[in-house]
Amino acid sequence: MSQELARSGRVVITGLGAVTPLGIGVEKFWQNCLNGVSGVHQISLIDPEPFPTKIAAEVLDFQAEDWLDRKDARRVDRAIAMTVAAARLALDDSTIQLTDELKDDFGVFIGSGIGGLNVMHEQTRIMYERGPSKVSPFWVPYMIANMPGGIVSILNDLRGPNVAAVTACSTGANSIGDAYHVIKRGDATMMLAGGVEAPINDIGVAAFCAARAMSTRNDEPQRASRPFDLDRDGFVMGEAAGVMVLEAYEHAIARGAKIYAEIVGYGMTADAYHITGVHPEGRGARNAMLRALDRAGVTPDKVDYINAHGTSTPIGDPAETLAIKGAFGDHAHKVAISSTKSMTGHTLGAAGAIESMVCALAIRDQKVPPTINYETPDPACDLDYVPNVMRELPIEYALNNSFGFGGHNVSLLLKRV
Amino acid sequence: MSEDILSRVRKVTVEELSVKEEEVLETSSFQDDLGADSLDVVELVMALEDEFGIEIPDDEVGEIKTVGAAVEYIEKKLPK
């Protein structure tokens, strides 16, 4: 790697790319977050009629042709197309000039909870309807969950480390945390990091309905995702891609880059408890938060904002509440907590990425986005969830929580620079 | 050479490889001139099978290197 600058191991966020149900482009996404806009609607990508859940948070204005040439746009999985867009937006936002030397030292860690589920579903249907000889040769490359990051590296000629985390709903946070470690230990100067999910198709909706995990508040889509509210009845599926540019601090300073925030702590644990259920006391989640704080050498009372995993499920939200109390003690009642899934829905593999962006933007603007649809307090969820209206707040440290099926727990701690 | 078959092969090629119609000449090589890679060729062959209602065995795909060769191959395969 280029050694012209002594490196401290500090890593900063210098570009954000968001393709979300609240808008394409980070400023539109962020303004809608602050304004408490819901991105949930009746499903339009498929006919929702056969499913118990008929609502989702879709990226309504996304067109693959806007981001890829016609041939690729026609056949790549929607997850790949959305990732290409998010990566483009993040690179543009960072204003980085890619040199040949830098490209060797610029990696990509972008994961997906599932991968190319649309291609997988469509080609499986073709195999049963028309026979194995009609299965596309592109099934393998467009289905595998590492291909979004693979294609981003190809299109942008980024030749550094390239790995895709697959940790369900903590994928995006793992990707960012792992990329942070890559730069911290000197294996790259810059990284694109994030996650993607495009699960809204027949099998995706059917499968999550079968898991009994989703809200069925079909007649009130915009009120369906209601984390920590007493009347929550499950999560709302969403689709998104979130990619951020991470950069060695000295490199960012030397080129005069705009810096959103610094990543200072990355905690990872496993529940070791159940395939889909969270540990009832939030054991793994608590320890992930404590590890992130410990790695940063930061005491819990210094944290001003937590972007909760907060999916709006009956069991998950109280467990996270207990986990926050376990990690933060008395400060748990003072820290501002919000779940932006109340607006974006649960974007699965992208969630940790777009919610880390929320933390970075909250630090930049010193504003906390709200938890919308918070109407009736639940005695089991008794912390300050910043109900319904955004709040101006001095924020030095912000923490993002992401938890995934399989018992994966990730906490990322961001600091104002 | 059948003009009807040629125009249908050109149409399928334009659709599958996302190239401009005027680029697709009888002499055009799918891989050398029209930018197809090996996976594109597999998909193109599948589309030609659908268009003409024929089966193209894997060991005969090698005969179909250009637009003109595809037309000739399809003429042989179609019921007279």
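Residues numbered from 1 in each chain as written. Chains lettered and ligands numbered in written order. Predicted model: local features only at pLDDT ≥ 70, side-chain atom pairs only at ≥ 80, totals over all residues.

> With reference to specific residues and values, describe the overall build of chain A.
Looking only at helices and strands, chain A features 14 helices and 14 strands. Across its three principal axes, chain A shows a C-alpha extent of roughly 60 × 55 × 40 Å. Within chain A, buried positions represent 59% of all 417 residues. (Helix = DSSP H or I, 4+ residues; strand = E, 2+ residues; numbered from the N terminus. Buried ≥ 20, exposed ≤ 12 C-beta atoms within 10 Å, placed from the backbone.)

> Residue-level account of helix 1 (residues 3–17) of chain B, with values.
Between its first and last C-alpha atoms helix 1 of chain B spans 21 Å; for 15 residues at 1.5 Å apiece the expected length is 21 Å, and the two agree. Within the span of helix 1 of chain B, buried status applies to B:Val9, B:Arg10, B:Thr13, B:Glu16 and B:Leu17. Along the long axis of helix 1 of chain B, the arc covered by the buried residues comes to 140 degrees, so they all point the same way. Turned more than 90 degrees off the buried face of helix 1 of chain B, the exposed positions are B:Glu3, B:Asp4 and B:Ser7. The secondary structure elements touched by the buried residues of helix 1 of chain B are helix 2 (70–75) of chain A together with helix 2 (38–52) and helix 3 (67–77) of chain B. Backbone geometry just downstream of helix 1 of chain B places B:Ser18 in the positive-phi region, at approximately 50 degrees. (Expected span 1.5 Å × (residues − 1). Arc of directions from axis to C-beta. Contact = placed C-beta atoms within 7 Å.)

> Before we move on, can you summarise the packing of helix 1 of chain B against helix 2 of chain B with the specific residues and values?
Packed helix pairs are specified by the crossing angle of their axes together with the interaxial distance, meaning the distance between the axes. All names here are of chain B. Where helix 1 contacts helix 2, the two axes come as close as 10 Å, and the packing angle between them is 140 degrees. Regarding the angle of helix 1 to helix 2, the classification is oblique. Considering only the axes of helix 1 and helix 2, their crossing is right-handed. Packed against helix 1, whose contacting residues are Arg8, Val9, Val12, Thr13, Glu16 and Leu17, the element helix 2 presents Asp40, Glu43, Leu44, Ala47, Leu48 and Glu51 at the interface. Class assignment of the residues belonging to the contact of helix 1 with helix 2 gives a composition of 6 nonpolar, 1 polar and 5 charged. (Axes fitted to C-alpha atoms, helices over the stretch in contact; angles between N-to-C directions. Parallel < 35°, antiparallel > 145°, perpendicular 65-115°, else oblique. Left-handed = near helix turned anticlockwise from the far one by under 90°. Nonpolar A, V, L, I, M, F, W, Y, C, P; charged D, E, K, R; others polar.)

> Explain the nonpolar core residue by residue, including any values.
All names here are of chain A. Membership of the largest hydrophobic core comes to 139 residues, with the highest contact counts inside it found for Met82, Met191, Leu192, Met244 and Leu246. Top element by residues in this core is helix 3 (residues 78–94). It accounts for 11 residues. When residues of this core are assigned to domains, at least three map to each of domain 1 (11–254) and domain 2 (266–415). Those residues in contact with Met191 that lie beyond four places of it in its chain are Gly107, Val108, Phe109, Ala179, Val182, Ile183 and Leu246. (Core = buried A, V, L, I, M, F, W, Y, C linked by C-beta atoms within 7 Å. Domains from an automatic or database assignment.)

> Please provide a residue-by-residue account of the domain arrangement of chain A, values included.
All names here are of chain A. For chain A, the domain assignment lists domain 1 (11–254) and domain 2 (266–415). Between the C-alpha centres of domain 1 and domain 2 there is a distance of 21 Å. At the interface, 63 residues of domain 1 touch 57 residues of domain 2. For the side of domain 1 that touches domain 2, the elements supplying multiple residues, two or more each, are strand 1 (11–20), helix 1 (26–34), strand 4 (55–57), strand 5 (106–112), helix 8 (171–184), strand 6 (190–197) and strand 7 (240–248).

> Describe the interface of chain B and chain A, listing the residues and the values that go with them.
With 6 residues of chain B at the contact, the number on the chain A side is 8 residues. In terms of residues, the side of chain B that touches chain A owes the most to one element, helix 2 of chain B, which gives 4 residues.

> Which residues make up helix 14 (residues 351–365) of chain A, and what are the values?
With 15 residues, helix 14 of chain A should cover 21 Å at 1.5 Å per step; its first-to-last C-alpha distance of 21 Å lies within 8% of that length. For helix 14 of chain A, the buried fraction is high: 13 of the 15 residues fall into the buried class.

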